[in-house]
Amino acid sequence: MIARFQNRLLLAGLVGVVVFSGCMTAGRRPNDATTETAAVDTNAAIAELQAAQARFDAGDFAASGATSDSLYRSWDGQPGLDALADRALLLAARSNEAAGLLGESADKYDLLLDREPGPMIREETVRRHTDVLARTGRAAEAVDIALEHPGLLGEGGLADLRQWAAGLTIDELEDDRSGHDPSSREARIVYVQLAELLAADGRLESARRVAQQVLDSGADEPERTTAEALVALEAGGAMRSARIGAILPTSGDLASVGELLREGIDIALEEYARDNPGGFRIELVVRDEGSGPETAAGLVEELEREGVVAIVGPLRSESFAAAARARRNPRLPIVSPTATEVFGAAENAYTLNALEQRELDVASDLARWTVEELGLRRGALLRPSDPALARAATLFGRALEDAGGQIVASVSYGGQGTTTYQDQIQSVAATNPDVVFAPAANGPDVLTLAPQLAYYGLDRSIILGSEAWADPAVLRRLESFAADYRVIGLWSDRVSSGTRWQAFVREYERRYRKSLRDNMLPGLSHDAVALVLGALDETGLPIPAAVASELAGGLEVSGVTGILRPNPETSTVRRPTQIRMLLGGSLVEPDRTALLAWLADARAAPRDSLGVPFRD
């Protein structure tokens, strides 16, 4: 529809050029040869430009671009053809844009603005030029163009301008502001973004001064509300109330999941209010994600209008990615408790539950611990068929080698319903490794694998396991010969006695009068809020940019699922791996002396003719 309107606009403009040219001709002397030539050239020029427009409408952008660019060059500077030259240059720029040649398109839009075209062409050029600049990573230039041509972006363009400005640095915003007082809405948007960043940087007096200039100019919403809050800042930060947004499924098929997440959030907020009587007054603003990810973008826009400092949620990985893309302010933090995948790292967006990333983190930490703490360097890999765990095993091998170790064997197991792994285990055992990394996807897989490791020859190596080895069902059912002195890497220890997780479970069950069992959802949502509150307290400023800066700046928060460390490079929240040893059906702190003594005894134990050790 927009394209058809623009094409009609072009044709209407061409008619206007004809009329204007005719009037000019009628008003001149009949013997004025220049006038007669211009009139003939104008009619022919209009026909040529209409032909180029027809090629554009047919989707032949290369031909329309080449033709319109040639027409512009031949008409540029000719008397009476300036308006047609402007339209030819606009069509050439649009053709380049449609063909994906955004750099060439931006150059032509810039040239067209330098020609100072008429109001209608100038408005379309400003909107298209700023959009192309922003899409090619030149947001600072887009902001500068908007400031130089105020009043042409429209409401949608102003929303885009807020997004572009929110992604700039203090220096870039100050450069853009230079020479522009806050008399236009565009300038006031830039001033407010600058004031927020100055406040987040601790330069409160400068922030108040810039915000006051916005108020003195008669700002509209939402800039007025933000400027008023910034002016009210006192040294050290006195804005003691803050809104946190939450996107949860409160209706539909996943309403019960949303209830669990909300329960964890409420516990975190109550803990904060109890432990920080002088802290922020927190208002939770909840939006219903429903049962589909397609609502995420609209909900983010709603919460941005509500002035939240961060968003907790959404639930799904797809919704998390959509929410991160939908932000007008890329400095508004989004922390999903539950998204299991990251579809490309996004600025100021984090998930606490990236499954593959946590397996990779555990594997690399466990490998380094093996070399640095145990002093053991000969390692082997039993790679499961699960792709994520297979990648984790590969990463273990790389980390072991980086730490000075050596991988002496690497064998895959599992898949296609196979439950016996004699050949794979014996081939690894033949290399006599000190340690064997044998991750498994779940508890039943561990119960199948663990006894075979001992029976088929890997009873003279320390077995290193993944999270599944700490499954309570595994701990109850594995016999000591297949479990004792195995070492487990955990992203969250929910089994050992005295953990924060167990204290959280007791609090949850006391408050809600129902069993939590091993359900992680309330704990994850609790920790997502705890992370936001930790960043908020560190900065002391309820401003998204300030909270985002703390989250990305090495913040550590003690949560119920572990020590939380946001990682901006991967859009995940990392937890230091908790390494435990299996002994007597329980998880205990690893004892280096005991482990090495067990390994020495295992290797010295007498064996039968098949190489199997004698057992009591």
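Residues numbered from 1 in each chain as written. Predicted model: local features only at pLDDT ≥ 70, side-chain atom pairs only at ≥ 80, totals over all residues. Heavy atoms only, no water.

Participant: For this particular structure, what's the right way to read helix H4 (residues 82–98)?
Facilitator: Since the α-helix packs 3.6 residues into each turn, any two residues three or four apart lie on the same face. Its 17 residues give H4 an end-to-end C-alpha distance of 24 Å, which sits within 8% of 24 Å, the value for a rise of 1.5 Å per residue. Phi turns positive, to about 85°, at Gly100, one or two residues after H4. (Helix = DSSP H or I, 4+ residues; strand = E, 2+ residues; numbered from the N terminus. Expected span 1.5 Å × (residues − 1).)

Participant: Would you take a moment to explain a negative patch on the surface for this structure?
Facilitator: A grouping of Glu104, Asp107, Asp110, Asp114, Glu116 and Glu148 is seen on the molecular surface, where their side chains present a negatively charged patch. Per-element accounting of the negative patch gives the leading share, four residues, to helix H5 (residues 102–114). Within the secondary structure, Asp107 sits in helix H5. (Patch = residues over 30% accessible without salt bridge, like charges linked within 9 Å, V, L, I, M, F, W, Y side chains within 5 Å. Areas by Shrake-Rupley, 256 points an atom, 1.4 Å probe, with all protein chains shown as cover. Salt bridge = Lys/Arg side-chain N within 4 Å of Asp/Glu carboxyl O. Lys, Arg positive; Asp, Glu negative; His and termini not counted. Charge placed at Lys NZ, Arg CZ, Asp CG, Glu CD.)

Participant: Explain the pairing of strand E6 (residues 378–383) here, please?
Facilitator: One face of the sheet, then the other: side chains in a regular strand alternate in exactly this way. Two elements, E6 and strand E7 (residues 406–412), share six bridges in a ladder whose sense is parallel. Residue Leu382 lies in a different strand from E7, and its bridge partner there is Val411. Taking the sense of rotation as the criterion, the β-α-β connection linking E6, helix H17 (residues 387–402) and E7 turns out right-handed. Inspection of the sheet shows E6 paired to strand E8 (residues 435–437) by three bridges, in the parallel sense. Its bridge partner lying in E8, Gly379 is registered against Val435. (Pairing = 2+ DSSP bridges. Right-handed = clockwise from strand over helix to strand, strands pointing away.)

Participant: So what exactly am I meant to see when it comes to helix H23 (residues 521–539) here?
Facilitator: Taking 1.5 Å as the rise per residue, H23 with 19 residues should run 27 Å; its terminal C-alpha atoms sit 28 Å apart, in good agreement. Of all 19 residues in H23, 16 are buried; the element is thus mostly enclosed. Looking at the residues trailing H23, positive phi occurs at Gly540, about 75°. (Buried < 20%, exposed > 50% of the residue type's maximum accessible area, 1.4 Å probe, protein only.)

Participant: So what exactly am I meant to see when it comes to the packing of H5 against helix H6 (residues 119–135) here?
Facilitator: Direction vectors running N to C along H5 and H6 enclose 145°, while the axes themselves pass 9 Å from each other. Both H5 and H6 take part in a crossing whose hand is left-handed. Across the interface between the two elements, Leu102, Ser105, Ala106, Tyr109, Asp110, Leu112 and Leu113 from H5 touch Ile121, Arg122, Thr125, Val126, Arg128, His129, Val132, Leu133 and Arg135 from H6. Looking at the contact of H5 with H6 residue by residue, the classes come out as nine nonpolar, three polar and four charged. (Axes fitted to C-alpha atoms, helices over the stretch in contact; angles between N-to-C directions. Left-handed = near helix turned anticlockwise from the far one by under 90°. Contact = heavy atoms within 4.5 Å. Nonpolar A, V, L, I, M, F, W, Y, C, P; charged D, E, K, R; others polar.)

Participant: How do you make sense of the pairing of strand E12 (residues 562–567) when you look at a structure like this?
Facilitator: Two strands pair when backbone bridges link them, and strand E11 (residues 557–559) and E12 are joined in this way by three bridges, in the antiparallel orientation. Considered in E12, the bridge of Gly559 is made with Gly562. Where E11 hands over to E12, the hairpin turn is made up of two residues, counted between the paired strands. Bridge analysis of E12 against strand E13 (residues 572–574) gives three bridges, and the strand direction is antiparallel.

Participant: Would you explain the packing of aromatic side chains in this entry?
Facilitator: Pairs of aromatic rings are described using the distance from one ring centre to the other and the angle between the two planes. Enumeration according to the criterion identifies eight aromatic pairs in this entry. Here the aromatic rings of Tyr485 and Trp598 are separated by 5.9 Å at their centres, their planes lie at 20°, and the arrangement is stacked. With a gap of 113 residues between them, Tyr485 in the loop between helix H21 (480–483) and strand E10 (487–490) and Trp598 in helix H25 (residues 592–604) connect regions that are remote in the sequence. Where Tyr508 meets Tyr512, the ring centres are 4.9 Å apart and the plane angle is 50°; that geometry is what we call tilted. (Phe/Tyr/Trp six-rings, centres within 6.5 Å; stacked < 30°, edge-to-face > 60°.)

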